[in-house]
Structure formats: structure tokens, C-alpha cells
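A closer look at the structure
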Amino acid sequence: MSEEIVSAKGLRLAIFSETYAPQVNGVTRTLERLTDVVRERGGAVRVYTVSEPGVVEQPHIERYASVPFWAYKELRLAWPSTKVVRASLEKFRPTIVHAASQFGLGLAGRRVARAMSVPFVTSYHTSLSAYASFYHLGALALPGWSFMRWFHNSGLRTYCPTHAIMREVEEHGFRNTALWSRGVDGERFSPSFRSTALRALMGANDDTIVVSYVGRLAAEKGLDVVARAVQIASVRRPGKIVFACVGDGPYDAEVRRLVPEGSWLPGKLLGQELSEAYASGDVFLFPSTTDTFGNVMLEAMASGMPVVGADVGPTRELLGDSRGWLVAPGNAEAFADRLVALVDDRSMLNQARIDALEFASQSTWNTVWNSLIRDYLRLHKS
């Protein structure tokens, strides 16, 4: 039986975010998909975001002059005037304003939504606790939480990607939280894309386990742990492991320096090439302790790869008891031990693969969008 499709007719959604396409990360992909879905279902969307060099302009996207954030150059910030934003919103006539960031654009969206008495909601995408710990910014965590609490509690909802993140922010005084989970496209990510030719190009055969990572190559993703783990496991089981690392980012050169000789690093892949890269792997490594939701883990599971991940709340929630294995965060030896165990016992890998596929098949985007659109419409009418 086909799944219900909730109509977005009457919904006029304004999204404010410093992070949007053509940037490539989990947040941008989710927001871009949200934009497409609302429009496909009969609603209207206008996106307010930052300028990007060389970007192709689109009529439903309004971009503002931006500069790189000094502490994280890949993030650009914009500070548009309230007058300009209000003029645009009055013309668009939103039924709801959604701020996906709490910086300049998010603040502008908040100010104007409140001035126009338009329902205002937010979403929480970056774990302040995890980033403060990773970048040794403990002294900034307390004022950071105070600001975040003020910003998010000024809205009718704070959407969180996992129950673990909901609990974290509620412990810091956030109110009116709601789950906005993530789904996976089972047609785009599937074991049917597994390619013998690609595995041969990687240097793998039937006796080899392809250990994969797909995602942004950034220091906070824990890629130094991945590289050390694969190095250790490859020494302990020579010729049995090939490392495939797909993606690009500021940590690219360091990753290439750290990984074992013979690793496959094609850079960023899109479309069918990405689908084949996923499906041609055997086990996925996710060492990040900073992600609020690992979209790539769902894509890996849908492609037939169970996950070895760091034992932190959001990853624990996704993997459950049978879709992969949790190891001590930041512990390369623990990751390597699990890889060696999987080389030695393929039956364990095969059973986890079955469970991962089953879970991914139930994690549909339609369910996610139906829930979110219903809530948008409910807030507008309340």
C-alpha cells in the first residue's frame, strides 16, 4: 500500500539559513530537499541565504552579501538589514518562518517574523557541547547555551534530528522541542548499485573488505581516527582491507597523508557514481562525535553497509542493537579491533547488513515530510 502524501497547499515557507546549496553537507541537502518537497506538494518556498561565488541565481532564493566566519572559514555569514528583509517577506507573505541557523540570517528572520506576527520556528543542527569540546572552547559553552536558549525559545518549535539531541537541548532549558528526523531515498541508495568493476578499480576482490567513509573531509569528523584505525587493521590483516574515502573539504590533504597506501580517494562524487561508491563498500566508518544526525549512515545502511560508529547519543540511536557496532569515541584501536573481527567473521558482517537494510527500508522521506508539513500547517492555524 502506497504511503500517504500530505499536501502543502496553502503553506508559504520562508527559510533562513547561512548553510544552503551549492554548499554540500547534511544540512544543505536536507534544506534543499525540504524546499523541493514543499513546492512539489503545492506550497511555496522562499530561501534567504548567503552569497556564494559563481552561484547560479534562482528566483525562489534570495542571497545576501556574506563573509567567511573567522573561526570556520567554510561557513559564510550575512547580516542583512531588517528593512530589506521585511520588504521581501511582506511581498512573499509567509505563513511560517523557519530559521535553520542562529547567526545573522536567523536573527533577521526572527526579528521580522515577530514584527509581522508570523509563526516562527527553528531547527537545531549543530551540537554546541560537542563542538565546544572538540575545539577546546569550554569557556564559551556557557554563554553559548544562554544565547541559543534565548534564540530557540523565542520560536514555537525547535526541531531536533534525534531524540538524543532533544534530550541534550532540553537539559539546557530548551522548550517546545519536536522531532524532525531524516529519511533516505531507497531508489538512489541501494545494494543494486554494487559494482564489481568499481571494486576492482579500488583494488578489492572477494576476499577483501572495503571499509568506506563518505562525507565532508573536515577535522571535526574524526578522520584522523579513521585513518589510524585503517592503518592498524591493515597491518594486522595485510591484503584484506581496502579503504575508500569519498568527499572533499579542508582536511583533504591531511587525510591523503594519513591513509594507507592503496586507499581509494576519488574526491566528491555525485549521482550514480556516488550510489555505486556506497554500494560497493562492505562496512562504513562513522567516527564523528559532533554530528547531530549522520545522514550518511542512513545512506550507507540503505546501500547494504552496516556501520562502525563512535558511541555517542545520535549514532547510538541510529545503530540500535543490530545495525552496526559502537566503539569508544576517538579510539582508533577500538575501531581497528572491530574491523579485524569483521575480516575474521564475515557472518557477523552479513547479519548486520540484513538488519541495516531492513531499518533503512522503513526510514522513508515521505514519513518525515508528512510529519513536518502537518506541524507547519498546525502552527499556522493555531
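Structural notes, computed from the coordinates.

A word on the overall build of the chain. When you go through the chain residue by residue, the secondary structure sums to 15 helices and 15 strands. Relative to the 2.2 N^0.38 estimate, which gives 21 Å for 382 residues, the radius of gyration of the chain is 21 Å and therefore close to what a compact globule would have. Taking the principal axes of the C-alpha coordinates as reference, the chain spans close to 65 × 55 × 40 Å. Of all 382 residues assigned to the chain, the portion counted as buried reaches 55%. Carbon and sulfur atoms make up 53% of the accessible area of the chain, which totals about 16700 Å². Side-chain charges of the chain comprise 42 positive and 39 negative groups, with the mean position of each set lying 9 Å from the other.

Mapped onto the fold, Val 211 is located in strand E10 (residues 209-214). Given the relative accessible area of 1%, Val 211 is considered buried. Here the alpha-carbon distance between Val 211 and Val 226, two residues 15 residues apart in the chain, equals 9.8 Å.

This brings us to unusual backbone geometry. Trans peptide bonds make up most of the peptide bonds, and negative phi angles are found at most residues other than glycine. Of note, the bond from Ala 21 into Pro 22 is cis; its omega dihedral lies within 30 degrees of zero at 15 degrees. Among the secondary structure elements, Pro 22 is positioned in the loop between strand E1 (12-16) and helix H1 (26-40). Phi at Arg 93 is positive, roughly 60 degrees, even though this residue is not glycine. With respect to the secondary-structure elements, Arg 93 resides in the loop between helix H2 (82-92) and strand E6 (96-99). Judged by relative accessible area, which is 53%, Arg 93 ranks as exposed. In this structure, Asn 176 takes a positive phi of about 55 degrees despite not being glycine. Along the chain, the position of Asn 176 falls in the loop between helix H6 (163-171) and strand E9 (177-179). Using a relative accessible area of 44% as the deciding quantity, one classes Asn 176 as partly exposed.

Whenever strands of a sheet pair, they do so through backbone hydrogen bonds, lying parallel or antiparallel. Taking strand neighbours across the sheet as the criterion, the 7 strands line up as E3-E2-E1-E6-E7-E8-E9 in an open arrangement whose pairing is parallel. Where the open sheet ends on each side, the last strands, each with one partner, are strand E3 (61-64) and E9. Direction aside, neighbouring strands of the sheet carry axes that sit 25 degrees apart on average. Note that strand E8 (residues 158-160) and E9 share 3 bridges and pair parallel.

Turning our attention to the pattern of salt bridges. Summed over the entire model, instances satisfying the criterion amount to 15 salt bridges. Residue Arg 228 is joined to Asp 224 by a salt bridge in which the shortest nitrogen-to-oxygen separation is 3.6 Å. With Arg 228 and Asp 224 both in helix H8 (residues 223-236) and 4 residues apart, the pair spans about one turn of that helix. Residue Arg 378 pairs with Asp 375 through a salt bridge whose shortest N-O separation is 2.6 Å. A residue pair is termed a helical-turn pair when its members lie 3 or 4 positions apart in one helix, as Arg 378 and Asp 375 do in helix H15 (residues 365-381) at 3 residues. Take Arg 378: its relative accessible area is 47%, and that puts it in the partly exposed class. By relative accessible area, Asp 375 is classed as buried at 7%. A network of salt bridges, in which partner residues are shared, links Arg 157, Asp 375 and Arg 378.

Right, let's get into the sheet that holds strand E15 (residues 324-327). Strand order in the open sheet made by the 6 strands is E12-E11-E10-E13-E14-E15, with parallel pairing throughout. In this open sheet, the two strands that pair with only one neighbour each are strand E12 (264-267) and E15. Strand-to-strand twist across the sheet, computed as the mean angle between neighbouring axes with direction ignored, equals 20 degrees. Strand contacts of H8: E10, strand E11 (241-246) and strand E13 (283-286), with the helix running at about 160 degrees to E11, the strand carrying the most contacts.

Among the 7 residues in strand E2 (residues 44-50), 7 count as buried, and that is most of the element. When E1 meets E2, the two strands line up parallel, connected through 5 bridges. For Leu 13, the partnering residue across the bridge sits in E2 and is Val 45. Regarding the hand of the β-α-β motif, the stretch spanning E1, H1 and E2 is right-handed.

Attention now goes to the side chain of Thr 292. Relative to the elements of secondary structure, Thr 292 occurs in the loop between E13 and helix H11 (295-302). Judged by its relative accessible area of 6%, Thr 292 is buried. Looking at Thr 292, its side chain comes within polar contact range of the main-chain oxygen of His 125, at 2.9 Å.

The relative placement of two packed helices is expressed as an angle between their axes plus a distance between the axes. With their axes 8 Å apart at the nearest point, H8 and helix H13 (residues 332-344) run at an angle of 45 degrees to one another. Regarding the angle of H8 to H13, the classification is oblique. Note that H8 runs across H13; the crossing there is right-handed. Packed against H8, whose contacting residues are Val 225, Arg 228, Ala 229, Val 230, Ile 232, Ala 233 and Arg 236, the element H13 presents Ala 332, Glu 333, Phe 335, Ala 336, Asp 337, Leu 339 and Val 340 at the interface. Each residue belonging to the contact of H8 with H13 can be placed in one class, and the counts come to 10 nonpolar, no polar and 4 charged.

About the criteria used
- Residues numbered from 1 in each chain as written.
- Predicted model: local features only at pLDDT ≥ 70, side-chain atom pairs only at ≥ 80, totals over all residues.
- Heavy atoms only, no water.
- Helix = DSSP H or I, 4+ residues; strand = E, 2+ residues; numbered from the N terminus.
- Rg over C-alpha atoms; globule rule 2.2 N^0.38 Å.
- Buried < 20%, exposed > 50% of the residue type's maximum accessible area, 1.4 Å probe, protein only.
- Areas by Shrake-Rupley, 256 points an atom, 1.4 Å probe, with all protein chains shown as cover.
- Lys, Arg positive; Asp, Glu negative; His and termini not counted.
- Charge placed at Lys NZ, Arg CZ, Asp CG, Glu CD.
- Pairing = 2+ DSSP bridges.
- Axes fitted to C-alpha atoms, helices over the stretch in contact; angles between N-to-C directions.
- Salt bridge = Lys/Arg side-chain N within 4 Å of Asp/Glu carboxyl O.
- Contact = heavy atoms within 4.5 Å.
- Right-handed = clockwise from strand over helix to strand, strands pointing away.
- Polar contact = N/O pair within 3.5 Å; in protein donor to acceptor, adjacent residues only side chain to side chain.
- Parallel < 35°, antiparallel > 145°, perpendicular 65-115°, else oblique.
- Left-handed = near helix turned anticlockwise from the far one by under 90°.
- Nonpolar A, V, L, I, M, F, W, Y, C, P; charged D, E, K, R; others polar.

Honestly, that's just the spatial picture; any functional story needs more than this.
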